[in-house]
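Chains, contacts and geometry: an overview
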Amino acid sequence: MIKLQAIHDQTGESQEKNLTSEALIQGGGLIGRHPGCDIVLSSPEVSRVHARIVFKKKQYYFSDLGSTSGSQVNKQEASTNQDFLLKPNDVIRIGDFLLLVKAVEENVGSTTHQLQKTPVLNREPSQIEQWLFKAEELEAQGILDKRTSEWIFHGKLLIKTLSFSKRFHRKAMDICQAELDAGKFCLVVEHSEHITIWQEKQVEELNNQAQTISVS
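Residues numbered from 1 in each chain as written. Predicted model: local features only at pLDDT ≥ 70, side-chain atom pairs only at ≥ 80, totals over all residues. Heavy atoms only, no water.

Points about the overall build of the chain
- Within the chain, the regular secondary structure consists of 4 helices and 17 strands.
- A burial count over the chain gives 44% of its 216 residues as buried.
- Partitioning the contacts of the chain with sequence separation of at least 6, the portion at a separation of at least 24 is 54%. (Helix = DSSP H or I, 4+ residues; strand = E, 2+ residues; numbered from the N terminus. Buried < 20%, exposed > 50% of the residue type's maximum accessible area, 1.4 Å probe, protein only. Contact = heavy atoms within 4.5 Å.)

Focus on the pattern of salt bridges
- A full pass over the atoms with the stated rule returns 5 salt bridges.
- Close ionic contact of D90 with K87 constitutes a salt bridge, the shortest N to O distance being 3.3 Å.
- Of the residues examined, D90 reaches a relative accessible area of 4% and is grouped as buried.
- Judged by its relative accessible area of 48%, K87 falls in the partly exposed class. (Salt bridge = Lys/Arg side-chain N within 4 Å of Asp/Glu carboxyl O.)

Regarding unusual backbone geometry
- Despite not being glycine, K57 has its phi angle at roughly 55°, a positive value.
- Residue position: K57 is located in the loop between β5 (51–56) and β6 (59–64).
- At K75, a residue that is not glycine, the phi angle is positive and equals roughly 70°.
- One can find K75 in the loop between β7 (71–73) and β8 (76–77).
- Judged by relative accessible area, K75 falls into the exposed class, the value being 78%.

What about the sheet that holds β6?
- Read across the sheet, 5 strands follow the order β4-β3-β5-β6-β9 without closing on themselves; strand pairing throughout is mixed. Whereas interior strands pair on both sides, the edge strands pair on one side only; in this sheet they are β4 (39–40) and β9 (83–85).
- In terms of strand pairing, strand β3 (residues 30–32) meets β4 through 2 bridges, oriented parallel. By the bridge assignment for β4, I31 is matched with I39. (Pairing = 2+ DSSP bridges.)

Focus: the pairing of strand β14 (residues 156–165)
- The element β14 is largely enclosed, with a buried count of 7 among its 10 residues.
- Here strand β13 (residues 150–153) runs beside β14; their pairing, made up of 4 bridges, is antiparallel. Looking across to β14, one finds that E150 is bridged to I159.
- Bridge count for β14 against strand β16 (residues 194–200) is 7 bridges, and the pairing is antiparallel. In the sheet register, L158 faces β16, and the bridge partner there is E200.

A closer look at the confidence of the model for the chain
- On average, residues of the chain score 78 in pLDDT, and 81% of them are at 70 or above.
- Within the model, pLDDT remains below 50 along residues 107–128, and this stretch shows 30 contacts once partners closer than five positions in the same chain are excluded.
- Predicted confidence is poor over residues 203–216, with pLDDT under 50, and the contacts of this stretch with residues over four places away or in other chains come to 32 contacts. (pLDDT = per-residue confidence, 0-100.)

Observations concerning the nonpolar core
- Within the largest apolar cluster, 24 residues are counted, with the highest numbers of intra-cluster contacts made by I2, L4, I31, L41, I53 and F62.
- In this structure, L138, L180, C186 and I195 belong to the second largest nonpolar core, which totals 22 residues. (Core = buried A, V, L, I, M, F, W, Y, C linked by side-chain atoms within 4.5 Å.)

Some words on the sheet that holds strand β2 (residues 14–19)
- Judged by pairing direction, the sheet is antiparallel, and its 6 strands sit side by side in the order β2-β1-β11-β10-β7-β8 without closing on themselves. In the strand order of this sheet, the two ends are held by β2 and β8, each with one partner.

Topic: the pairing of strand β1 (residues 2–8)
- Counting buried residues along β1, 5 of its 7 residues qualify, which places the element largely inside the surrounding structure.
- Bridge analysis of β1 against strand β11 (residues 97–104) gives 7 bridges, and the strand direction is antiparallel. The residue bridging Q5 from the neighbouring strand is L100, located in β11.
- Where β1 meets β2, 6 bridges bridge the pair, whose relative direction is antiparallel. In the sheet register, I7 faces β2, and the bridge partner there is S14.

Structure follows, in structure tokens:
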């Protein structure tokens, strides 16, 4: 587990967050002003999805995801996708926030166990239903509404890429299955009158406007 404290350098307001290796392996650790991020930094100087904390090789790293204003680790500029090994007392600057590394704890046993449970996206066709959701269920949870253009699912920022009439249900499922078979993340949402496909927003797109492609 890594313990972090975010401090606004103008107001002094702070928040603390503990991130476990298990959560990070599952795709968590996002930092940004998007309300679905694990660490939400509310400031126009912070990109919607600015950076993330990752866990690999039994260590914790900071990585900027191509943010607009950039990041610094111990006053060193962070290039996009550059991994910075984190240790106690490290200081990360994101916009007008300072992110302090309070502690780093390892739990090798649970990490190994979680690695074995990490879902594989290259699935058999019969398992595509695992990535099929009902819009009303997501709406009931406050995740999705008619205006939603992007949302976070298991640490992945998703954007709507395709919209189909319900009569093209099989086509939508086949497209999503092909994406999963190619190792990409994809899920299908069934609405009352249509079906939408949602895919992970790529790093280079994270701070651009999401685009929707409609198929009649």
